[in-house]
Amino acid sequence: MQTRMTMAIRSTNPVNQRMKLIASLTSPFARKVRIVAAEKHIDYDLVVDVPWEANTRVPAYNPLGKVPVWVMEDGKTLFDSRVIVEYLDSVSPVGHLLPREPRPRILVKRWEALADGICDAAASVFLERKRPPEQQSQDWILRQMTKVTAALEVMSEDLGDQEWCTGEFFNLSDIATGCALGYLQLRFPELDWRRLHPNLSALHERLMQRPAFRDSVPVV
Ligand SMILES: N[C@@H](CCC(=O)N[C@@H](CS)C(=O)NCC(=O)O)C(=O)O
């Protein structure tokens, strides 16, 4: 499925072919890219491709067989999501999502690493639980879920009573965190992170006020 995403401002890059995002609609990493592109008004075609399906074309774009993949105007492909969002932030002058100064910049990327780490651990549990019960490892599931709960605790502590993850300005740290929380809500509705961490819950509510978040809620 290919969908044209129409944004108010086009990318400033010279155009040969339209830029494309290859993504599944449930991937939190792909959602992060979609939100960054929307916040920065970058125009692209969304190509929905589920890497787990037999007829997937994802390995033709990314040898690692993972989404998201960004296809640039000259056909060069970019992965993974952290590389893509850094690229998108640098090609459009609209609302910087990564600070320029080294320390604030790396602190935003630290939040992103934490949020992506939650998604990696949670996704591996989701996949493990899809295996036949006798093949599932409870030790593995526990190990991964411990990472999720520990990372949520650190996020909650670091957020404190700030409006946004790194303080008063919305940036990539909030997008990555919101995508991780949204993924937990989708795949692990039984997790009690909202009650345990009311500040993360309030952050998620604030993020859901933004059209880019509302328009990219994962669908199953
Ligand atoms: N570190 C990668 C993670 C991407 C990832 O794990 N994507 C999943 C979907 S959520 C995937 O495509 N998995 C297919 C596979 O592992 O074969 C990123 O940030 O883009």
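Here the structure is a predicted model, which means the values were calculated and not measured.

Hey, could you run me through the overall build of the protein chain in this one?
Counting its regular elements, the protein chain contains 9 helices and 5 strands. Across the protein chain, helices and strands are ordered from the amino to the carboxyl terminus as β-β-α-β-α-β-β-α-α-α-α-α-α-α. Structurally, the protein chain occupies a C-alpha span of about 50 × 45 × 30 Å along its principal axes. Here the protein chain holds 220 residues, and the buried ones make up 48% of them. Within the protein chain, contacts between residues at least 6 apart in sequence are counted, and of these 69% link residues at least 24 apart. Accessible surface computed for the protein chain: about 11400 Å², of which carbon and sulfur atoms make up 55%.

What is the right way to look at the site of the ligand in this model?
Taken together, Ser27, Pro28, Phe29, Pro51, Trp52, Gly65, Lys66, Val67, Pro68, Asp80 and Ser81 make up the full set of residues near the ligand. Side-chain polar atom of aspartate 80 to a nitrogen atom of the ligand: 2.9 Å apart, as the coordinates give it. Between the ligand and serine 81 there is a distance of 2.5 Å, counted from an oxygen atom to a side-chain nitrogen or oxygen. The protein chains hide 81% of the 520 Å² of surface that the ligand would expose on its own.

I would appreciate a short explanation of unusual backbone geometry in the present structure.
Where the residue is not glycine, phi is negative for most of them; where a peptide bond is considered, it is trans in most cases. Of the consecutive residues valine 67 and proline 68, the connecting peptide bond is found in the cis state with omega at 10°. Among the secondary structure elements, proline 68 is positioned in the loop between helix 2 (58-61) and strand 4 (69-71). Along the chain, phenylalanine 79 connects to aspartate 80 via a cis peptide bond; the corresponding omega equals 0°. Tracing the backbone shows aspartate 80 in the loop between strand 5 (77-78) and helix 3 (81-91). Even without being a glycine, histidine 41 presents a positive backbone phi close to 55°. The residue histidine 41 is located in the loop between helix 1 (28-39) and strand 3 (44-48) in this model. Using a relative accessible area of 28% as the deciding quantity, one classes histidine 41 as partly exposed.

I would appreciate a short explanation of the pairing of strand 2 (residues 20-23) in the present structure.
Covered by surrounding structure in strand 2 are Lys20 and Ile22 together with Leu21 and Ala23, the residues of both alternating faces. Sheet topology places strand 2 next to strand 3; 4 bridges connect them, and they run parallel. Bridging from a neighbouring strand, alanine 23 pairs with valine 48 of strand 3. The β-α-β motif built from strand 2, the intervening helix 1 and the parallel element strand 3 has right-handed crossover chirality.

Got a minute to help me understand the nonpolar core in this structure?
Across soluble globular proteins, nonpolar side chains show a tendency to be buried alongside one another. Formed by 55 residues in total, the largest nonpolar core has its most connected members in Trp70, Leu88 and Ile175. For this core, the domains that each give at least three residues are domain 1 (2-91) and domain 2 (102-214). If sequence neighbours within four positions are ignored, tryptophan 70 has contacts with Met19, Lys20, Leu21, Val33, Ile42, Tyr44, Lys76, Thr77, Leu78, Ile84, Tyr87 and Leu88. One finds Val47, Val58, Val67 and Val71 within the second-largest nonpolar core, a separate group that totals 7 residues.

Just to check I follow, could you spell out the packing of aromatic side chains for this structure?
How two aromatic rings sit relative to each other is set out by the distance from centre to centre and by the angle between their planes. Tallied over the full model, the rule gives 2 aromatic pairs. Measuring from ring centre to ring centre gives 5.3 Å for tyrosine 44 and tryptophan 70, while their planes differ by 50°; the resulting arrangement is tilted. Here the residue tyrosine 44 occupies a position in strand 3, and tryptophan 70 occupies one in strand 4, the gap between them amounting to 26 residues. Under the relative-accessibility criterion, tyrosine 44 is labelled buried at 1%. For the pair tryptophan 164 and phenylalanine 170, a centre-to-centre distance of 5.4 Å together with 75° between the ring planes defines the contact as edge-to-face. Relative accessible area serves as the criterion here: at 15%, phenylalanine 170 is assigned to the buried category. A cation over a ring is seen here: arginine 187 above phenylalanine 126, with NZ or CZ 4.0 Å from the ring centre. Positioned over the ring face of phenylalanine 170 is arginine 210, at 3.6 Å from the centre of the ring.

Parameters at a glance
Residues numbered from 1 in each chain as written. Predicted model: local features only at pLDDT ≥ 70, side-chain atom pairs only at ≥ 80, totals over all residues. Heavy atoms only, no water. Helix = DSSP H or I, 4+ residues; strand = E, 2+ residues; numbered from the N terminus. Buried < 20%, exposed > 50% of the residue type's maximum accessible area, 1.4 Å probe, protein only. Contact = heavy atoms within 4.5 Å. Areas by Shrake-Rupley, 256 points an atom, 1.4 Å probe, with all protein chains shown as cover. Near = heavy atom within 4 Å. Polar contact = N/O pair within 3.5 Å; in protein donor to acceptor, adjacent residues only side chain to side chain. Pairing = 2+ DSSP bridges. Right-handed = clockwise from strand over helix to strand, strands pointing away. Core = buried A, V, L, I, M, F, W, Y, C linked by side-chain atoms within 4.5 Å. Domains from an automatic or database assignment. Phe/Tyr/Trp six-rings, centres within 6.5 Å; stacked < 30°, edge-to-face > 60°. Lys NZ or Arg CZ within 6 Å of the ring centre and 35° of its normal.

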